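A closer look at the structure
One-letter residues, chain by chain:
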Amino acid sequence: MKRTMTTAGLTALGLSVMLVAGCNKESNQTSPVASESGGAASKAPESGQAADKNEQALVRVIAAADAAPMEVIADKNPVFTRVEYKEVTPYKAVPANFDDFAVKPAGDEAAPPLAENSESIMSGRHYTLVIFPEANPAATDKRIALDVIADDLQTPSEGKARVRVINAAAGTDDIEVFLRGQ
């Protein structure tokens, strides 16, 4: 079932919207990516070109699951040690070619993973890891899922902006996003 939502309704559903404007193509990006979330600005530690030269990828996390603070692990190495619900972390340089990602409760090394995902990340590229509630209305416990999304930082056409909408709300169907009045 498709739903049509106004932009005001998007926030209520727990959707993450990221605006990327004025960024360069990944392959020739020479300056760090700057972003803003919840009024806080951040900048990637290096450009895509520098990360590629250092055989690194740039990764950030969006925590859309209402859970206790979480730790994000890449190939058994802690990358983000404490990610809070509704937080968007800055990009962090990590070795490229990591494949296995996991989310665990922060500070509990013995805990089993809450969510796992296997996805290769390539040097010089930007990625967003999204932690979101798993859609299972019959489950009594809150389960989470982890998705690895390659960020497309291609420059939009003149006078345009790129918008990414991530439906991270459990139990919702497909949505349509449109500008008010159009």
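These figures come from a predicted structure and were not determined experimentally.

**Focus on the pattern of salt bridges**
Counted by the stated rule, this structure contains three salt bridges. With its nearest N and O atoms 2.8 Å apart, the salt bridge here joins aspartate 152 to arginine 162. Residue aspartate 152 is found in the loop between strand E12 (144-150) and strand E13 (162-166), and its partner arginine 162 is found in strand E13; the two are separated by ten residues along the sequence. According to the relative accessible area criterion, aspartate 152 is partly exposed, its value standing at 38%. Residue classification places arginine 162 among the partly exposed residues on the basis of a relative accessible area of 28%.

**Some thoughts on the sheet that holds strand E10 (residues 115-118)**
Taken in spatial order, the four strands make up an open sheet running E7-E6-E9-E10, and their pairing is antiparallel. Bordering the open sheet on either side are strand E7 (77-83) and E10, each of which pairs with just one other strand. When the angles between neighbouring strand axes are averaged without regard to direction, this sheet yields 15°. Examined bridge by bridge, strand E6 (residues 70-74) and E7 share four bridges and lie antiparallel to one another. Bridge assignment links methionine 70 to a residue of E7, and that residue is valine 83.

**Considering the nonpolar core**
One finds Phe101, Ile121, Leu129 and Ile131 to be the most contacted residues of the largest nonpolar core, which totals 23 residues. By residue number, the principal contributor to this core is strand E5 (residues 56-63), which donates four residues. Beyond its immediate sequence surroundings of up to four residues, phenylalanine 101 is in contact with Ile73, Ala74, Ala115, Glu116, Asn117, Glu119, Ile121, Leu129, Leu146 and Val148.

**Let's talk about unusual backbone geometry**
The residue lysine 76 is not glycine, and still its phi comes out positive at about 70°. Along the chain, the position of lysine 76 falls in the loop between E6 and E7. Taking the relative accessible area as the measure of exposure, lysine 76 reaches 79% and is therefore exposed. A positive phi angle is found at lysine 86, which is not glycine, with a value near 75°. Among the structural elements, lysine 86 can be located in the loop between E7 and strand E8 (92-95).

**Quick look at the sheet that holds E5**
The mixed open sheet is built from four strands, whose spatial order is E8-E5-E11-E12. Whereas interior strands pair on both sides, the edge strands pair on one side only; in this sheet they are E8 and E12. Taken over all neighbouring pairs, the strand axes of this sheet differ in orientation by 35° on average, direction set aside. Two strands pair when backbone bridges link them, and strand E11 (residues 126-133) and E12 are joined in this way by seven bridges, in the antiparallel orientation. What sits directly across from isoleucine 131, in E12, is leucine 146.

**Looking at the pairing of strand E9 (residues 100-105)**
Examined bridge by bridge, E6 and E9 share five bridges and lie antiparallel to one another. Across the sheet, isoleucine 73 pairs through a bridge with alanine 102, a residue of E9. As paired elements, E9 and E10 share four bridges and run antiparallel to each other. Looking at E10, one finds that valine 103 is bridged to alanine 115.

**Re the packing of aromatic side chains**
Overall, the coordinates contain zero aromatic pairs when judged by the stated rule. In this arrangement the basic side chain of lysine 92 is found over the ring face of phenylalanine 80, its NZ or CZ atom lying 5.3 Å from the centre.

**Looking at the confidence of the model for the protein chain**
On average, the protein chain scores 78 in pLDDT, and the residues at 70 or more come to 71%. Here helix H1 (residues 7-12) stands out as the element of the protein chain with the lowest mean pLDDT, 35, in contrast to E9, whose mean of 96 is the highest. In this model, residues 1-25 is a region of pLDDT below 50 whose contacts with residues beyond four sequence positions or in other chains number 66 contacts.

The rules behind these values
- Residues numbered from 1 in each chain as written.
- Predicted model: local features only at pLDDT ≥ 70, side-chain atom pairs only at ≥ 80, totals over all residues.
- Heavy atoms only, no water.
- Salt bridge = Lys/Arg side-chain N within 4 Å of Asp/Glu carboxyl O.
- Helix = DSSP H or I, 4+ residues; strand = E, 2+ residues; numbered from the N terminus.
- Buried < 20%, exposed > 50% of the residue type's maximum accessible area, 1.4 Å probe, protein only.
- Pairing = 2+ DSSP bridges.
- Axes fitted to C-alpha atoms, helices over the stretch in contact; angles between N-to-C directions.
- Core = buried A, V, L, I, M, F, W, Y, C linked by side-chain atoms within 4.5 Å.
- Contact = heavy atoms within 4.5 Å.
- Phe/Tyr/Trp six-rings, centres within 6.5 Å; stacked < 30°, edge-to-face > 60°.
- Lys NZ or Arg CZ within 6 Å of the ring centre and 35° of its normal.
- pLDDT = per-residue confidence, 0-100.

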